[in-house]
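Residue-level listing of the chains:
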Amino acid sequence: MEKLITAYTYIGEGKVFANKRLIFYQEKIATFAEFIKALYKQEQIAYPKFYKMDSLSKLGFMCAELLLRYENPGIFKPGSLAVVLANSSSSLDTDLLHQESIRNRSAYFPSPSVFVYTLANIVIGEICIRHGLKGENAFLVSEKFNPSTLKDYVSEILDNHRAEACICGWVEILGNNFKAVMALVENESTATWINGFKPMPFTEASLNEIIKVN
Amino acid sequence: MKAVYAISENIISALGFTASGNAEALLSGKTGIRIHHDEKLSSNKLAISLVDTQEMERKFELILKQNKKEQQPSFFTRLEKLLILSVSDAIQNLPVRPDNKKVILVLSTTKGNIDLLEDRFTAKFDHKRVYLWALASVVKDFFGFANTPLIISNACISGVMALIAASRLLRSGKYETAVVAGGDIATEFVISGFQSFQALSPEPCKPFDLSRKGLSLGEGCGTIVLSTNPGDGKTEHILVMGGSVSNDANHISGPSRTGEELSMAINKSLEDSGIEYTAVDFINAHGTATPFNDEMEAKAVSLSKMDKVPLNSFKGYWGHTLGASGLMESAAIIQSMKLNRVFSSAGLEVSGFPGMINVVSETIFKPVNTCLKTASGFGGCNAALVFQKT
């Protein structure tokens, strides 16, 4: 079955693109925390839980938020939109915070609200909670962005009708180095997209193209 | 649906270094969970299941010699040693070599070499080894796998998800053999985190028991080799059937209140396998022994109408081994099917869920042909997978 990328979002190098359109830009990024907060404010999102999230979840949350904002997620039933994400450093960004909190036995302060984020797939959990997604989900790890693995995993889900559509992407952050890209992938026969967006075939070449957008 | 066979399996835990050795311990009702006091892990006493380090080192030196490796044992981290031992045992009679293009290594872990963040290791190991792909590379290079490993890190369902992902890859025809390995070790990192959640039981955990007080952590590895080729000369085969993954979309660290989403994964895995729930001989649940997890699972199993199906948890034998648990427990399910025994659910005295689930208090002797494995984890994820014997 042919599949199409019917929307995508990119966050990286201070730029945010939604379907090829630049919607946010910061020339000089002081910290990730400031960058993502400014983006959250500009987009006028009201979701207090956002402030409790770790950096990986904030990054993934914003990327999915912008992706689905342009696609009306209401058209998908809870079990019918899958989420398959990947990155290189797993939850290392928060792992370092937790490790720092237990470094010294005389100043020992491990916190459950940090520890819970020391799992890479929590970002998927946050996206699922926000959008009510109950279907297939998976978090994969590879040294570099690996379009072939993502394509195989997502294609199998759609080919076997485990979901009607899938959010497929890369969410990487360590310190102030970050990049996120998410694509909405649908079977061609049932795909819809917004006016003016030209859907792309769901291929390794397309995935390589959208991770380099800017 | 193209058939996927489980052709060999290994379990490394406090109870032994092979799948059959672990199964013997399970049959005799032994538990690997003991009260330990190890300052490197915690300043408190812990009920935890730890692999015998001396035995591990002895076996690892042998493996280095057998494989004519020039590296010293000290080149490898604890988890790398355990994973290499586990894979090595599982692939010893493999009809194809790891460097065959049709073979893939699938690795499941939650925290990998996370102990390397501790000060005592930073000078000894390259900091890169803390990345999960670097851990996978060490295992890949040791055996000479040709393909880049697929790495799954999806909290406590990682192991079951790795089996689901591998069987899907084999069915798609891209590979013919998948060596699916999972491992996680006991670290101060993980122990301190679960302590901060107040999730640890002061005594060995008691899954599904009325007086359960929380989980016991453990460490270990499990490997299952999947193949589209059943191998020659066997009279019975274990098939990996359908699997499904779902999300609660409710809370990142608390399970669903209704169990509906795990039930959905269970129903889809049965549907995917073309099997009626009435055909399931036993369910091996996640059963962490935390009050809310076990309750959610009982609700889910009950919703899927399997309240009378014998159900057990293996957490009472070797604790919760995180990313390894799905593989170790599935390997024990395969042993169950080979031996036609349903192992008792260690730690059970009085069921906390009469009428909702049928927890196995004594080992059952009966033909075991169809089994359901479930797992649930932080991030609201659930997985279910069906095994069948032919």
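J.: Run through the pairing of strand β15 (residues 370-377) of chain B, naming residues and quoting values.
T.: All names here are of chain B. Within β15, 8 of the 8 residues are buried, which leaves it mostly tucked inside the rest of the structure. With burial as the criterion, each face of β15 is covered, one bearing T370, L372, T374 and S376 and the other bearing C371, K373, A375 and G377. In this structure, β15 lies alongside strand β16 (residues 381-389), joined through 8 bridges in antiparallel fashion. Looking across to β16, one finds that K373 is bridged to L385. Following β15, the chain reverses through 3 residues before pairing antiparallel with β16; G379 in that reversal takes a positive phi of roughly 90 degrees.

J.: Could you give an account of the packing of helix α6 (residues 158-171) of chain B against helix α11 (residues 325-339) of chain B, with specific residues and numbers?
T.: To characterise two packed helices, one gives the angle between the axes of the helices and the distance between these axes. All names here are of chain B. In the contact formed by α6 and α11, the axes pass within 5 Å of each other and the chain directions differ by 70 degrees. Our classification of the angle between α6 and α11 gives roughly perpendicular. Taking contact as the criterion, the partners of G159, V160 and L163 in α6 are, on α11, G326, L327 and S330. Residues belonging to the contact of α6 with α11 are distributed by class as follows: 3 nonpolar, 3 polar and no charged.

J.: Please set out the domain arrangement of chain B residue by residue, giving values where relevant.
T.: Residue and element names in this part refer to chain B. Considered domain by domain, chain B is made up of domain 1 (5-227) and domain 2 (238-389). Between domain 1 and domain 2, the C-alpha centre-to-centre distance is 21 Å. Across the boundary between the two partners, domain 1 contributes 64 residues, which contact 66 residues of domain 2. Summing both sides of the interface, domain 1 and domain 2 together bury roughly 4900 Å²; the carbon and sulfur share of this comes to 71%. Summed over the shared surface of domain 1 and domain 2, the number is 3 salt bridges. Of the charged contacts in the structure, one is a salt bridge between E9 and K338, with a shortest N-O distance of 2.9 Å. In this structure, the connection of domain 1 to domain 2 is made through 22 residue pairs in polar contact (both at pLDDT 80 or more). The set of elements that each furnish at least two residues to the side of domain 1 that touches domain 2 consists of β1 (5-12), α1 (19-27), α6, β6 (177-184), α7 (188-196), β7 (217-218) and β8 (220-227).

J.: So what about the interface of chain B and chain A? Which residues, and what values?
T.: Residue-level contacts link 51 residues of chain B with 49 residues of chain A. Across the chain B to chain A interface the summed buried area is about 4000 Å²; carbon plus sulfur atoms make up 57%. Between R168 of chain B and E136 of chain A there is a salt bridge; the shortest N-O distance is 2.9 Å. Viewed at the interface, chain A and chain B are joined by 22 residue pairs in polar contact (both at pLDDT 80 or more). Put simply, the parts of the chain that give the side of chain B that touches chain A at least two residues each are α5 (132-143), β5 (150-152), α6, α7, β9 (238-247) and α8 (260-273) of chain B. It is α7 of chain B that contributes the most residues to the side of chain B that touches chain A, 7 residues altogether. Among the residues making up the side of chain B that touches chain A, the classes are represented as 23 nonpolar, 16 polar and 12 charged. Judged from the 2 bridges that link them, strand β5 (residues 137-141) of chain A and β5 of chain B form a sheet pairing that is antiparallel. The residue bridging L140 of chain A from the neighbouring strand is I152 of chain B, located in β5 of chain B.

J.: Break down the packing of helix α6 (residues 147-159) of chain A against α6 of chain B for me, citing the residues and quoting the values.
T.: Contact geometry of α6 of chain A with α6 of chain B gives a least axis separation of 11 Å together with a crossing angle of 80 degrees. Judged on the interaxial angle alone, α6 of chain B and α6 of chain A are roughly perpendicular. Between α6 of chain A and α6 of chain B, the contacting residues are Y153, E156 and I157 of chain A on the first element and M161, A165 and R168 of chain B on the second. Residue classes in the contact of α6 of chain A with α6 of chain B are distributed as 4 nonpolar, no polar and 2 charged.

J.: Could you give an account of the nonpolar core, naming the residues involved and the relevant values?
T.: Membership of the largest hydrophobic core comes to 217 residues, with the highest contact counts inside it found for I11 and M62 of chain A together with L226 of chain B. Among the domains, domain 1 (5-227) and domain 2 (238-389) of chain B are the pair contributing at least three residues each to this core. Sequence-distant contacts of I11 of chain A, defined by excluding residues within four places in its chain, comprise V16, F35, L39, L59, M62, C63, F178, K179 and A180 of chain A.

J.: I'd love a proper account of the packing of aromatic side chains, names of residues and values included.
T.: One pass over the structure, following the stated rule, counts 27 aromatic pairs over all chains. For the ring pair F35 of chain A and F178 of chain A, a centre distance of 5.0 Å and an interplane angle of 40 degrees mean the geometry is tilted. Here F178 of chain A lies in strand β7 (residues 177-187) and F35 of chain A lies in helix α1 (residues 32-42), a separation of 143 residues in the sequence. According to the relative accessible area criterion, F35 of chain A is buried, its value standing at 0%. By relative accessible area, F178 of chain A is classed as buried at 10%. Considering the side-chain rings of F75 of chain B and F76 of chain B, the 4.9 Å spacing of their centres and the 85 degrees angle between planes classify their relative orientation as edge-to-face.

What counts and what doesn't
Residues numbered from 1 in each chain as written. Chains lettered and ligands numbered in written order. Predicted model: local features only at pLDDT ≥ 70, side-chain atom pairs only at ≥ 80, totals over all residues. Heavy atoms only, no water. Buried < 20%, exposed > 50% of the residue type's maximum accessible area, 1.4 Å probe, protein only. Helix = DSSP H or I, 4+ residues; strand = E, 2+ residues; numbered from the N terminus. Pairing = 2+ DSSP bridges. Axes fitted to C-alpha atoms, helices over the stretch in contact; angles between N-to-C directions. Parallel < 35°, antiparallel > 145°, perpendicular 65-115°, else oblique. Contact = heavy atoms within 4.5 Å. Nonpolar A, V, L, I, M, F, W, Y, C, P; charged D, E, K, R; others polar. Domains from an automatic or database assignment. Buried area = accessible area lost by both parts, 1.4 Å probe. Salt bridge = Lys/Arg side-chain N within 4 Å of Asp/Glu carboxyl O. Polar contact = N/O pair within 3.5 Å; in protein donor to acceptor, adjacent residues only side chain to side chain. Core = buried A, V, L, I, M, F, W, Y, C linked by side-chain atoms within 4.5 Å. Phe/Tyr/Trp six-rings, centres within 6.5 Å; stacked < 30°, edge-to-face > 60°.

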